[in-house]
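Each chain, written out:
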Amino acid sequence: MADFTIRDMHPAEICTVLAWAQREGWNPGLHDAACFYAADAHGFFIGLLDGEPVGSISAVRYGEDYGFLGLYIVEPAYRGRGYGAELARKGMEYLAGRNMGLDGVVAQQENYRKSGFGLAHRNMRYLGLTGQAAGAAQDTHSLVPLSWVPFSVVCTYDRELFPAPREAFLKAWVSQPESSAIGAVEEGRLRGYGVIRTCHEGFRIGPLFADDPDLAERLYLALTASVPTGQPVYLDIPETNTHALELAERHRMEMVFETARMYSGAPPDIPIDRVFGITSFELG
């Protein structure tokens, strides 16, 4: 009989799981593993069949009341045997008592509903090319490297737009190699920020948070200008932010992938009109 077990992931195994994610077409960042592990070192689980890795799930705890499920993968040759269900149970047990979020791929959304998750909105991945600024001149007024902004200020701003504090993750995320992080500061206040990072294919922007569409536009232009021209760039947009969708259309981006943002409890009360790009499908 095959022996299926689940245990905590070792740090190096997150790289294996991200390679699976790349094969699934999720296009993770080259340095995601270290950032993810910083978020919650105990929130990553690997499924082993006779000692060999065949599946995974992440269940990251944020603050006291929130958690996010991601990296839910079973290698194709081992699907349909119940291993995914066991991994899901493990992740949900780890997050028991918290409101849990996830970005469900289309094929799994009905299973998540059966597990008690409700739809909040769709998140849609848009693909464009760097340097396609639709003829707009770049206005760098108020934009600064995010490292110039006190980290405590970044955390305070981020907390307005994410359901729980995530300081350890942010510290790693905004300073990761092969990335650029830019803040919008006006009258001494941080009014938006964004990060663009190198991925297996091109670049991904996330998060892209801003107080208004004009700042989001300027941050988008500055972020894409910080990397080589003509490269693929991805932005994951909540469909309920119509200004974000207009930004994508203005820059001739096309929708290539979608997920369902679902929660086990009530959707968090955050101003989605200021979320022009989510941080990642994997960690929320």
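Scroll up to find the structure.
Residues numbered from 1 in each chain as written. Predicted model: local features only at pLDDT ≥ 70, side-chain atom pairs only at ≥ 80, totals over all residues. Heavy atoms only, no water.

Quick look at the packing of helix H7 (residues 213-225) against helix H8 (residues 242-250) now. Where H7 meets H8, the axes come as close as 10 Å, and the angle between the chain directions of the two elements is 40°. On the basis of their axis angle, the class for H7 and H8 is oblique. For the element pair H7 and H8, the recorded crossing hand is right-handed. Along its contact with H7, which presents Pro213, Ala216, Glu217 and Tyr220, the element H8 presents His243, Leu247 and Arg250. Among the residues forming the contact of H7 with H8, the class breakdown is 4 nonpolar, 1 polar and 2 charged. (Axes fitted to C-alpha atoms, helices over the stretch in contact; angles between N-to-C directions. Helix = DSSP H or I, 4+ residues; strand = E, 2+ residues; numbered from the N terminus. Parallel < 35°, antiparallel > 145°, perpendicular 65-115°, else oblique. Left-handed = near helix turned anticlockwise from the far one by under 90°. Contact = heavy atoms within 4.5 Å. Nonpolar A, V, L, I, M, F, W, Y, C, P; charged D, E, K, R; others polar.)

Moving on to the pairing of strand E2 (residues 44-49). Residues in a regular strand point their side chains to alternate faces of the sheet. Counting buried positions along E2 gives 6 out of 6 residues, so the element sits mostly inside the fold. Both faces of E2 are covered, namely the face carrying Phe44, Ile46 and Leu48 and the face carrying Phe45, Gly47 and Leu49. As paired strands, strand E1 (residues 4-8) and E2 are joined by 5 bridges and run antiparallel to one another. Looking at the pairing, Asp8 lines up with Phe45 of E2. For E2 and strand E3 (residues 52-62), the ladder comprises 6 bridges, and the chain directions are antiparallel. (Buried < 20%, exposed > 50% of the residue type's maximum accessible area, 1.4 Å probe, protein only. Pairing = 2+ DSSP bridges.)

Turning next to the pattern of salt bridges. Scanning the model with the defined rule gives 21 salt bridges in all. In this structure, Arg191 and Asp212 form a salt bridge, with 3.0 Å as the shortest nitrogen-oxygen distance. Taken together, the positions of Arg191 in strand E9 (residues 189-198) and Asp212 in the loop between strand E10 (203-210) and H7 put the pair 21 residues apart, joining distant regions of the chain. (Salt bridge = Lys/Arg side-chain N within 4 Å of Asp/Glu carboxyl O.)

Our focus in this paragraph is unusual backbone geometry. Omega for the bond connecting Gly206 with Pro207 falls within 30 degrees of zero, at 0°, which places this linkage in the cis form. With respect to the helices and strands, the residue Pro207 is situated in strand E10. Even without a glycine there, the phi angle at Glu178 is positive, about 55°. Turning to its location among the elements, Glu178 is positioned in the loop between helix H6 (167-173) and strand E8 (179-186). The class for Glu178 is partly exposed, based on a relative accessible area of 46%.

Per the counting criterion, the structure on display carries 0 disulfides. Looking at the unpaired Cys15, the closest cysteine sulfur is the one in Cys35, lying at 11 Å. For the unlinked cysteine Cys35, the closest cysteine sulfur is that of Cys199, found at 11 Å. Among the residues examined, Cys35 registers a relative accessible area of 3% and is labelled buried. (Disulfide = S-S within 2.5 Å.)

Turning our eyes to something else, we now look at the packing of aromatic side chains. Scanning the entire structure with this criterion turns up 14 aromatic pairs. With a centroid separation of 6.4 Å and an interplanar angle of 70°, the aromatic rings of Tyr157 and Tyr193 are classed as edge-to-face. A residue pair is termed long-range when its members are at least 10 positions apart, and Tyr157 in helix H5 (residues 151-161) and Tyr193 in strand E9 qualify at 36 residues. The burial state of Tyr157 is the same as that of Tyr193; both residues are buried. Plain terms: the ring middles of Phe257 and Phe281 are 6.0 Å apart, the flat faces sit at 50° to each other, and that makes the pair tilted. With a gap of 24 residues between them, Phe257 in strand E12 (residues 254-263) and Phe281 in the segment after strand E13 (275-277) connect regions that are remote in the sequence. The class for Phe257 is partly exposed, based on a relative accessible area of 24%. (Phe/Tyr/Trp six-rings, centres within 6.5 Å; stacked < 30°, edge-to-face > 60°.)

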